[in-house]
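Single-letter residue listing:
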Amino acid sequence: MSGHGPATPMTSHPVTGLKGTAEVPGDKSISHRSMILGALSVGETRIEGLLEGEDVLRTAAAMRAFGAEVTDHGGGSWSVHGVGTGGFAEPEDVVDCGNAGTGVRLIMGAMATTPITATFTGDASLRSRPMGRITEPLSLFGTAAYGRAGGLLPMTLQGAASPVPVRYTTPVPSAQVKSAVLLAGLNAPGETVVIEKEATRDHTERMLSGFGATVAVEETPEGRVITLTGQPELVPQDITVPRDPSSAAFLVCAALITEGSDILVPNIGLNPTRAGLFITLREMGADLTYENEREAGGEPVADLRARFSPDMKGINVPPERAPSMIDEYPILSVVAAFAEGRTMMAGVKELRVKESDRIDAMARGLEANGVTVEEGEDWWAVTGMGPKGVPGGGTAAARLDHRIAMSFLCLGMGAQKPVKVDDAGPIATSFPIFERLMGDLGARLVRENH
Ligand code: S3P
């Protein structure tokens, strides 16, 4: 059984004046891809600043199971000795990806065109998430999948022995689906094409090019067309993982809603396919500035300064911005509770199939803390209560979802009364030093013995 042990209830007490500099860990998306592409290269990839959260450690273990040599040198420094495109060995045991949707879906893609069989599973959250969105395009390559009813894990994939290249339009805006198809296309002859109507995070395309694959990206009336030439020899890389804007988001938002705060979060990757939250916060009137803007590893980077922002207004978040901030809606809804007026978030159906149903998880937890939320299948709206207006005093269920747990702990910092989360354990999947960093800034997060 996969899981993370007994629950860790945690209470976040109201505080004032979050202050200081917080160095957040490496980007989760790029960390998974560094491991996987390293494993598919011939020779040694060095990775600095890897996110050592549970999700990525599962991917590291999976890459070992598929035959790569993965070494932890300490302090976020890792190396991966890869087996080459099409060189994966058959794992001897079930591959347990824990809580990681990105991990399992990208790895399924990466093995789908190699003639081996692998069985995947995960924790209760991952076992409830749809895998049909991956196995459907993989079947076009000739991959067979046998899962539970509804396309759920555990699931066995039998890689295609004679894969054919694929042309596929993603039916949902998902970088995981796009990436699974591109990774499968690596071991298919000829050109594999993915078309996405809305641009999603582009780390896979960028990194595949970096590893020496031929990838062409074209903006067309049909959408973004990504063409990968199959069967390249991937060349190992030295990678410095940029810091995760999705983790930085929690610190930034905590500062915006907590009186007297002024924090600096240095070196945050601001790839336009990831930076939608920061644009939204500025539109709401947040005192959020980019300092020291520069380029690092071909990506825009800045130091983020966030100060308490008592004058934020609710806005309509443009639906077309959703893919660039899909993981940030939970924490945005917390900020919205401290703004004046209503914040409308539409075009966000994908939130229902994340680590939890994030609309339902946030709505129930916000209501338990005195905030009014309206919702439909693909939208929700939060009625702001002003900078000091959120009552708090309630308990929220984390539902095995790191971002839900962190969002409610941030809520407690600016609320009138403490906010409790039933289980802060899942935070370790993406942001294992959250509690310490927040504590250093002046948050009061108290673990409860029960
Ligand atoms: C990710 C893509 C997103 C995101 C997830 C990371 C990735 O999922 O929610 O946290 O690294 O490709 P979808 O592609 O399903 O939207």
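Computed from a predicted structure; not experimentally measured.

**Notes on the nonpolar core**
Stage number 1. Counting 79 residues, the largest nonpolar core has Leu 251, Leu 281, Tyr 329 and Phe 434 as its most contacted members.
Stage number 2. In terms of residue count, the dominant contributor to this core is helix α7 (residues 245-257) (ten residues).
Stage number 3. Sequence-distant contacts of Leu 251, defined by excluding residues within four places in its chain, comprise Ala 22, Val 24, Ile 263, Val 265, Phe 431, Leu 437, Met 438 and Leu 441.
Stage number 4. Grouped together as the second largest cluster of nonpolar side chains are 60 residues, Val 104, Ala 180, Val 194 and Val 215 included.

**Side note on the domain arrangement of the protein chain**
Stage number 1. When cut into domains, the protein chain gives domain 1 (10-26 + 242-447) and domain 2 (28-240).
Stage number 2. Its C-alpha centre places domain 1 at a distance of 29 Å from the equivalent point of domain 2.
Stage number 3. Of the residues lining the interface, 23 residues belong to domain 1; the matching set on domain 2 comes to 27 residues.
Stage number 4. Both sides together, the interface formed by domain 1 and domain 2 hides about 2,200 Å², and carbon and sulfur atoms give 48% of it.
Stage number 5. Run the count over domain 1 and domain 2 and you get four salt bridges.
Stage number 6. A salt bridge links Arg 206 to Glu 299, with the shortest nitrogen-to-oxygen separation between them at 3.7 Å.
Stage number 7. Taken together, the connections running from domain 1 to domain 2 amount to 14 residue pairs in polar contact (both at pLDDT 80 or more).
Stage number 8. Each residue belonging to the side of domain 1 that touches domain 2 can be placed in one class, and the counts come to eight nonpolar, seven polar and eight charged.

**Re the pairing of strand β7 (residues 117-121)**
Stage number 1. As defined by bridge partners, strand β6 (residues 95-96) adjoins β7 across two bridges and the pair is classed as parallel. In the sheet register, Val 95 faces β7, and the bridge partner there is Phe 120.
Stage number 2. For the handedness criterion, the β-α-β arrangement of β6, helix α3 (residues 101-111) and β7 is classed as right-handed.
Stage number 3. With four bridges joining them, β7 and strand β9 (residues 152-158) adopt antiparallel strand pairing. Residue pairing in the sheet places Phe 120 in a bridge with Met 155 of β9.

**A word on the environment of Leu 288**
Stage number 1. Along the polypeptide, Leu 288 turns up in strand β16 (residues 287-296).
Stage number 2. Separated by 32 residues in the primary sequence, Leu 288 and Leu 256 have C-alpha atoms spaced 8.1 Å apart.
Stage number 3. Aside from chain neighbours lying at most four places away, what touches Leu 288 is Val 252, Phe 278, Leu 281, Arg 282, Leu 304, Arg 305 and Ala 306.

**Considering the side chain of Ser 179**
Stage number 1. Checked against the element boundaries, Ser 179 lands in helix α5 (residues 175-185).
Stage number 2. Owing to a relative accessible area of 0%, Ser 179 belongs among the buried residues under this scheme.
Stage number 3. Among residues more than four places away in sequence, those in contact with Ser 179 are Arg 33, Leu 106 and Thr 204.

**Observations concerning the pairing of strand β21 (residues 379-383)**
Stage number 1. Both strand β19 (residues 342-346) and β21 contribute to a ladder of five bridges, which runs antiparallel. The residue bridging Thr 343 from the neighbouring strand is Val 382, located in β21.
Stage number 2. Taken together, strand β20 (residues 373-376) and the strand that follows it, β21, pair antiparallel across an intervening segment of two residues.

What counts and what doesn't
Residues numbered from 1 in each chain as written. Predicted model: local features only at pLDDT ≥ 70, side-chain atom pairs only at ≥ 80, totals over all residues. Heavy atoms only, no water. Core = buried A, V, L, I, M, F, W, Y, C linked by side-chain atoms within 4.5 Å. Buried < 20%, exposed > 50% of the residue type's maximum accessible area, 1.4 Å probe, protein only. Helix = DSSP H or I, 4+ residues; strand = E, 2+ residues; numbered from the N terminus. Contact = heavy atoms within 4.5 Å. Domains from an automatic or database assignment. Buried area = accessible area lost by both parts, 1.4 Å probe. Salt bridge = Lys/Arg side-chain N within 4 Å of Asp/Glu carboxyl O. Polar contact = N/O pair within 3.5 Å; in protein donor to acceptor, adjacent residues only side chain to side chain. Nonpolar A, V, L, I, M, F, W, Y, C, P; charged D, E, K, R; others polar. Pairing = 2+ DSSP bridges. Right-handed = clockwise from strand over helix to strand, strands pointing away.

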